[in-house]
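Report on the structure
Here is how the chains run, residue by residue.
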Amino acid sequence: MKLGVVGLPNVGKSTLFNAITKKGIPSENYPFCTIEPNVGIVAVPDERLQVLGDFYKTEKITPATIEFVDIAGLVKGASHGEGLGNKFLSHIREVDAIVHVVRCFNDSKIIHVNGVVDPIADIEIINLELILADLESVNKRLEKSEKMAKIGNKEAVAETELLRKLKTLLENEKPVRSYEANKEEQDLIKSFFLITSKPVIYCANISDSELSDLEDKIENVKKVKEYAKQENSQVIVTCAKLEEELSMMDEEDAKMFKEELGLTLSGLDKLIVASYKLLGLISYLTAGVKEVRAWTITNGTKAPQAAGKIHTDFERGFIKAEVVSYSDFVECGGYNEAKEKGKVRIEGKDYVVNDGDIMLFRFNV
């Protein structure tokens, strides 16, 4: 579950990424993983875990996580070798979604790469580079697909038709995500690994002096929101400078500082939660004395596949799941109390797991 962080130089991308990595979970918590310097793994904020942890006096709390990847080399002309050239392509094709940091603040001490703060121009520079990279990929694939279609390959005929549509779209400087694809086309597009098919969150970076302003009163933020609306993308407003400061504080000091500023969630927390939802993800929970944990699944996952997140044997030998919703657990005052009141359900293989389900799996292999 990876998100690529992109943006022009001096827009606050590095500052925001510093906040992500400083807030991040130490890599030693993830055995068999090598975390490179340009990767930050952060917890998805979830108050439910602490409530369950306090109830069970648990030894360990393990949250759901999201991985952010710093995508370097994005400047005007990157698709033709400018900046770090095409080095960014391999990294960005691997991510599930894109966080596009956009400069909305004015600061004479921080030079803008184009000499003037213009969020829409900045967005269009990045988007055009990604579109050009995709156009090159589509042209290469189309060439092969047309040859196969000529010899009567039915799959290649359908692929060629779709690629031609996408080529026209990209030539008109429109991202692939703006194409209204049917189910079959959606599956094909996924197999193309096109950058502009990935969902985007625009991260509008404002100054700390604008934090108390209403978002819709900040002119540059309004422009970003209007642009994002055209392609059904989300916008998160944050101050990267403040996020970096918060990430360096201990938990209590950061909490007090946020309260002084009237913030319930930091901008980074909002970004993490929005990213989780953007990817269509939810969490089910397991709880006990040894560990309280959030397990990440795609919305719509059935019980056996959810069990498989814990161990493949759980899915292979799935018998049933005991399920209680988090709200029922809290309202009843615990698992046994919820069971006495008939709130604990026995669910089978066709049960679709809900966000916040507390689950106990029965299996046999």
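Structural notes, computed from the coordinates. (Residues numbered from 1 in each chain as written. Predicted model: local features only at pLDDT ≥ 70, side-chain atom pairs only at ≥ 80, totals over all residues. Heavy atoms only, no water.)

1. As for the pairing of strand E10 (residues 318–325)
Convention followed: We call a residue buried when its accessible area falls under 20% of the maximum for its residue type, exposed when it is over 50%, and partly exposed in between, using a 1.4 Å probe and counting protein chains only. Where helices and strands are cited, they refer to DSSP runs of H or I of at least four residues and of E of at least two residues respectively, numbered from the N terminus. Pairing between strands requires that DSSP locate at least two bridges from one strand to the other.
Counting buried positions along E10 yields six of eight residues, so the element is predominantly enclosed. Where E10 and strand E12 (residues 357–363) come together, seven bridges link them in antiparallel fashion. Bridging from a neighbouring strand, serine 325 pairs with aspartate 357 of E12. Note that E10 and strand E11 (residues 345–347) share three bridges and pair antiparallel. Each residue of the ladder has a partner; that of alanine 321, found in E11, is glutamate 347.

2. Some thoughts on the packing of aromatic side chains
Spelled out, the test is: Stacked, edge-to-face and tilted labels apply to pairs of Phe, Tyr and Trp rings (six-membered ring for Trp) whose centres lie within 6.5 Å, assigned for plane angles under 30 degrees, over 60, and everything in between, in that order. We call a charge positioned over a ring when the NZ of a Lys or the CZ of an Arg lies within 6 Å of the ring centre and within 35 degrees of the ring normal.
Tallied over the entire structure, the rule returns eight aromatic pairs. Between tyrosine 284 and tryptophan 295, the ring centres sit 6.4 Å apart and the planes meet at 15°, which makes this aromatic pair stacked. Residue tyrosine 284 is located in strand E8 (residues 281–286), and its partner tryptophan 295 is located in strand E9 (residues 292–298); the two are separated by eleven residues in the primary sequence. Residue classification places tyrosine 284 among the buried residues on the basis of a relative accessible area of 0%. Among the aromatic residues, those joined into a cluster by ring pairs are Tyr284, Trp295, Phe318 and Phe361. A cation over an aromatic ring shows up here: arginine 293 above the ring of tryptophan 295, its NZ or CZ 4.0 Å from the ring centre.

3. Brief notes about helix H7 (residues 219–230)
To keep it simple, the criterion reads: The span you would expect from a helix comes to 1.5 Å times its residue count less one. Along the arc lie the directions from the helix axis toward the C-beta atoms. The contact definition used throughout considers only heavy atoms, calling two residues in contact when any of these lie within 4.5 Å.
Between its first and last C-alpha, H7 extends 17 Å over twelve residues, near the 16 Å set by a 1.5 Å rise per residue. All of the buried residues along H7 are Asn220, Val221, Val224, Tyr227 and Ala228. Projected down its long axis, H7 shows its buried positions confined to an angular sector of 125°, all on one face. Turned more than 90 degrees away from the buried face of H7 sit Glu226, Lys229 and Gln230, all of them exposed. Buried residues in H7 make contact with strand E5 (97–103), helix H4 (119–150), strand E6 (200–205) and strand E7 (234–238). Looking one or two residues past H7, asparagine 232 carries a phi angle of roughly 55°, positive in sign.

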